[in-house]
Amino acid sequence: MTTKLPPALQPWSVWLDWFDPEIATIVGELLLRLDPLLSRGNSRLQRGKIEPDGVDDLRQRGPYERLLLSEWALADALPDEFLRRAAYHEHLFLAPRLVTPQSDGLIAVVFDASPSQWGAARLVHVAMWILLARRAQATHMRFAWGLAHRPGVLTENDSSAMLKNMLSARTHEVSGADRHRAWRDYFDSADLPPGERWLLAATDENVDAFSHVGSVRRGFDHRLHVRLGSAQNRRSVDLPMPPSQQAAQLLRGDFLGNANAAAHRRTAGKLSLRQPPLLSIGGDYVALPLLGESRAMVIKIQRSEKEKPAKPRYGNWSSGAQLLCGALSGGSFGGIVADAHHLYFWKIWGFQTVQRPSSREFTVTPGLARWLSCVWLNNGGKTHRIAVLDNAGRLLTWTNASASHGRSDAAHVILDEAVVALVQADPQRLMYAAHKAGKLKIKLVHRDGNKTLVTSLPISGKPAAVFFCGAMRDKEWNGAVCVEQRPEGKRSKSSIYRLFEGRPQDGFREYELTIAPGSKALGLIKDGQTHTKHILLALSADRRGLIGVGPDGIEDIYRSSRDIMAVSLGIDGDLVALINLDGQLILLGDGGRRLLMSVSGQAEAADE
């Protein structure tokens, strides 16, 4: 759904994006009327004392068993500098995230599919599905649903395909006291976590098997009479009947528009809020680290309802080592793990352990929360190449030939210096930008080492950032480049963004852009009207909006209900991946205009 939701509906945007705009309006009105009837509710049980759960931050004070490995490496290489940093409190320590242990929780909702709930009452079922799924997400609980006439069958899946299954379920059997007792027996005997047990039916009497009940009846006044809540506290509301055409379309399950059937999934492991997701060059996979673990997760991106959901894959590196960088080659995720003296090519086929270059050749700032930029060129040929951009602007590369057994010379090559940006252009080439002598030179490097100059742009001062968007055609780069320049000596003034687009061999068209104060430029996406044009994507000052800024004006791209913590863009300007404050991964297509899927990480969860 491309229509922007009003702020009041943003908390349910993930689910409302399943629907066409007209239907989303109907469902949104129901959400706003029903949400106040729900008690706040927090069924998660807290037990025990506060204990550490992963890493929260880096601090300059702490016990030395939590000192960063890079600081210990400094003690071996430069002991005097190590002592100086200790004296001036410059050492960096891992600060644990302290939490109160919580039990696993489950919100289970059972829908009555008998004749009393056919028709308009099912619209309330749809709204309650969304409200309770959101409630489960907000409290880090699991969500499951079932049908009253099928006791003991719960499904932990809140995708749009499952919503269609719920709406299509029908039975002529009246689900009365016998079925309710069967559900009570199941809840008592099954090994289910504590939480809320909801029933959506025509009556709220004799339903002691459930902790919460919602009764939905259609009155003779052509209104829906709804009562919601626990046994001790129930609230009522009367709802007008929605427009018949859109309501019928929703009840038929014909509501998906452009949405993906796997629009919302849960996976094991909490997602890191700091590292932007890594996107594969083809836009088929995304990888990201897990919070407080030496582990990363790779997810296959679903772009259509017909694609079967694939289970995430996980990879672990040594818990005592530091992952300097990570990269995707198709669906394979690997990286470079470092200790004080060596580099290990973790899950990168054909590369052996090599000596770590000296700090004069390979600079890694201690304590950085984000990985170094890295490209892995592996397209089936004999030469595989790894390229890494260090914190001093050096571009280093290794090949499977140079990082092999029996070599006595240096395994790495410094490809260039004063590099300000590195991306993967296609499966066989990387592209980078280096600023020297008032020129921004953009070059392509093939995996076999051949280097090609794409263009040279007159840029006076060192750019604060460089963004690319485009694709290779006939071995030539076509697309756009955006250069961020900050006025020298004028910190209060906003940056200027120079946008160059077109074919380098034909000459770029140049535009000058500015973004609102407090906003942050993220990269380039394609214009929503003309795909040969490009616009700059920016994060709004309140960290909840994605805004497109182009030569023809401003476009509201996406609005989040929670703060956006990290964002990545695909090189072709189509895919946008973001992590919000809840640790939820949101994947957007069409430059951020269309929801593809979302993934919520949990401490313990079974992937559907």
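The residue count restarts for each chain, going from 1 along the sequence in the order it is written. Thresholds applied to this predicted model are a pLDDT of at least 70 for local features of residues and 80 or more for the giving and counting of side-chain atom pairs; totals over whole chains, interfaces and linings are not thresholded and use all residues. For side-chain calculations, the full set of non-hydrogen atoms in the structure is used, while hydrogens and water are omitted.

Asker: What is the right way to look at the sheet that holds strand β28 (residues 496–502) in this model?
Answerer: Remark on secondary structure: sheet strands pair via backbone hydrogen bonds, oriented parallel or antiparallel. Taking strand neighbours across the sheet as the criterion, the four strands line up as β26-β27-β28-β29 in an open arrangement whose pairing is antiparallel. The open sheet has two edge strands with one neighbour each: β26 (465–473) and β29 (509–513). Taken over all neighbouring pairs, the strand axes of this sheet differ in orientation by 15° on average, direction set aside. Paired strands, in this sense, are two strands between which DSSP finds at least two bridges. Helix numbering and strand numbering both begin at the N terminus, where a helix is a DSSP run of H or I of at least 4 residues and a strand a DSSP run of E of at least 2. Two elements, β28 and β29, share five bridges in a ladder whose sense is antiparallel. Directly across from F500, in β29, lies its bridge partner E510. Axis lines are fitted to C-alpha atoms, over the contacting stretch for helices. Their N-to-C directions set the angle, which ranges from 0 to 180 degrees.

Asker: Can you help me understand the sheet that holds strand β22 (residues 419–426) in this one?
Answerer: With respect to topology, four strands assemble into an open sheet ordered β22-β23-β24-β25, the strand pairing being antiparallel. Strands at the two margins of the open sheet, each flanked by one partner only, are β22 and β25 (451–458). Averaged over all neighbouring strand pairs, the angle between strand axes comes to 20°, with direction disregarded. Relative to β25, strand β24 (residues 439–446) runs antiparallel, the two being bridged by seven bridges. Note on β25: the bridge partner recorded for L440 is L457.

Asker: What's the story with the packing of aromatic side chains in this structure? I'm lost.
Answerer: Pairs of aromatic rings are described using the distance from one ring centre to the other and the angle between the two planes. A pair of aromatic rings is counted whenever rings of Phe, Tyr or Trp (Trp by its six-membered ring) have centres within 6.5 Å, and the orientation is called stacked for planes under 30 degrees apart, edge-to-face for over 60 and tilted otherwise. Under the criterion given, the structure shown has 19 aromatic pairs. For the pair W183 and F187, a centre-to-centre distance of 5.5 Å together with 35° between the ring planes defines the contact as tilted. Of this pair, W183 and F187 are both found in helix α7 (residues 177–189), four residues apart, which corresponds to roughly one turn of the helix. Taken together, Y64, W72, F82 and F93 form an aromatic cluster joined through their ring pairs.

Asker: Even after reading the chapter, I still don't get the confidence of the model for the chain, so can you show me in this structure?
Answerer: Detailed reading of the predicted coordinates is not advisable wherever pLDDT is low. pLDDT measures the predictor's confidence residue by residue and takes values from 0 up to 100. Confidence in the prediction for the chain averages 84 pLDDT; 88% of positions are at 70 or higher. Residue contacts follow a heavy-atom distance rule, with two residues in contact if any of their heavy atoms lie within 4.5 Å. Every residue in residues 42–48 is under pLDDT 50, and counting partners more than four places away or in other chains gives 23 contacts.

Asker: Sorry, what's going on with a nonpolar patch on the surface here?
Answerer: Grouping into patches uses exposed residues only, defined as over 30% relative accessible area, and leaves out salt-bridged ones; the cut-off is 9 Å for like charges and 5 Å for nonpolar side chains (Val, Leu, Ile, Met, Phe, Trp, Tyr). Only the protein chains shown count as cover for residues, and all accessible areas are computed by the Shrake-Rupley method using a 1.4 Å probe. By definition, a salt bridge exists where a carboxyl oxygen of Asp or Glu is found within 4 Å of a side-chain nitrogen of Lys or Arg. Together, Y64, L69 and W72 line one region of the surface with nonpolar side chains, adding up to about 300 Å² of accessible area. Note on placement: L69 falls in helix α3 (residues 69–77). Classification of residues uses two cut-offs on accessible area relative to the type maximum, computed with a 1.4 Å probe and protein chains only: under 20% is buried, over 50% is exposed, and between them is partly exposed. Exposure remark for L69: the relative accessible area of 44% places this residue in the partly exposed category.

Asker: Got a minute to help me understand the pattern of salt bridges in this structure?
Answerer: Where charged atoms from two side chains of opposite charge approach closely, those side chains can pair. Under the defined criterion, the tally for this structure stands at 24 salt bridges. The partner of R295 in a salt bridge is E293, and the shortest N-O contact between them spans 2.9 Å. For R295, a relative accessible area of 18% translates into the label buried. Take E293: its relative accessible area is 34%, and that puts it in the partly exposed class. As a salt-bridge pair, R594 and D590 come within 3.4 Å of each other at their nearest N and O atoms. Each of the salt bridges in this network shares a partner with another, and the network as a whole consists of E71, E81, R84, R85 and E90.

Asker: Just to check I follow, could you spell out the nonpolar core for this structure?
Answerer: One recurring pattern in soluble globular proteins is that nonpolar side chains are buried together. By convention a nonpolar core is built from buried Ala, Val, Leu, Ile, Met, Phe, Trp, Tyr and Cys residues, the set being connected through side-chain atoms within 4.5 Å. Of all hydrophobic cores here, the largest spans 68 residues; its most connected members are F19, L34, M128, W129 and L546. Ranked by size, the runner-up nonpolar core spans 20 residues in total, among them L324, A338, F345 and V354.

Asker: Would you mind showing me how to read the packing of helix α5 (residues 121–138) against helix α6 (residues 160–168) here?
Answerer: Helix packing for two helices is described by the angle between their axes and how far apart those axes are. Closest axis-to-axis distance for the α5/α6 pair is 11 Å, and the angle between their directions is 150°. One finds that α5 runs roughly antiparallel with respect to α6. For the pair α5 and α6, the sense of crossing is right-handed. Contacts between α5 and α6 pair R122, H125, V126 and W129 from the former with M162, L163, M166 and L167 from the latter. Residue type decides the class: Asp, Glu, Lys and Arg count as charged, Ala, Val, Leu, Ile, Met, Phe, Trp, Tyr, Cys and Pro as nonpolar, and the leftover types, Gly among them, as polar. Its residues placed into classes, the contact of α5 with α6 shows six nonpolar, one polar and one charged. Any angle that falls under 35 degrees is termed roughly parallel, while one over 145 is termed roughly antiparallel, one within 65 to 115 roughly perpendicular, and all others oblique. When the near helix sits turned anticlockwise from the far one by under a right angle, the crossing is termed left-handed; a clockwise turn instead gives a right-handed crossing.

Asker: Please explain the packing of α3 against helix α4 (residues 79–87) as it appears in this structure.
Answerer: Contact geometry for α3 and α4: axes closest at 5 Å, N-to-C directions at 130°. Here α3 is positioned oblique relative to α4, judged by the angle of their axes. Residues E71, W72, L74, A75, D76 and A77 of α3 pack against P79, E81, F82 and R85 of α4. Looking at the contact of α3 with α4 residue by residue, the class counts come to six nonpolar, no polar and four charged.

Asker: How do you make sense of the environment of A411 when you look at a structure like this?
Answerer: As for its placement among the helices and strands, A411 is situated in the loop between β20 (395–399) and β21 (413–416). Judged by its relative accessible area of 13%, A411 is buried. Residues A411 and W398, 13 residues apart in the sequence, show an inter-C-alpha distance of 6.4 Å.

Asker: Teacher, can you tell me more about the pairing of strand β11 (residues 285–289) here?
Answerer: Regular strands show a simple pattern: their side chains alternate between the two faces of the sheet. Extensive coverage of β11 is indicated by the burial of four of its five residues. In the sheet, strand β10 (residues 278–279) pairs with β11 via two bridges, with the strands oriented antiparallel. Its bridge partner lying in β11, L279 is registered against V286. From the end of β10 to the start of β11, which pair antiparallel, there are five residues, and G283 there has a positive phi angle of about 75°.

Asker: I would appreciate a short explanation of unusual backbone geometry in the present structure.
Answerer: Across residues other than glycine, the phi torsion is negative in most instances, and most of the peptide bonds are trans. The backbone phi angle of K347 is positive, close to 60°, even though this residue is not glycine. Among the structural elements, K347 can be located in the loop between β16 (342–346) and β17 (354–355). Positioned with a positive phi, K475 is a non-glycine residue whose angle comes to about 65°. Among the secondary structure elements, K475 is positioned in the loop between β26 and β27 (476–485). Classification of K475 by relative accessible area gives exposed; the value is 67%.

Asker: I keep staring at α5 and nothing clicks. Help me out?
Answerer: Across its 18 residues, α5 extends 26 Å between first and last C-alpha, which sits within 8% of the 26 Å expected from 1.5 Å per residue. Taken across its 18 residues, α5 has 17 buried, putting it largely inside the fold. Directly beyond the C-terminal end of α5, a positive phi value near 60° is found at H140. Every helix has an expected span of 1.5 Å times one less than the residues it contains.

Asker: What is the right way to read the environment of T267 from this model?
Answerer: The topology assignment puts T267 in strand β9 (residues 264–268). For the pair T267 and I299, spaced 32 residues apart in sequence, the C-alpha separation works out to 9.8 Å.

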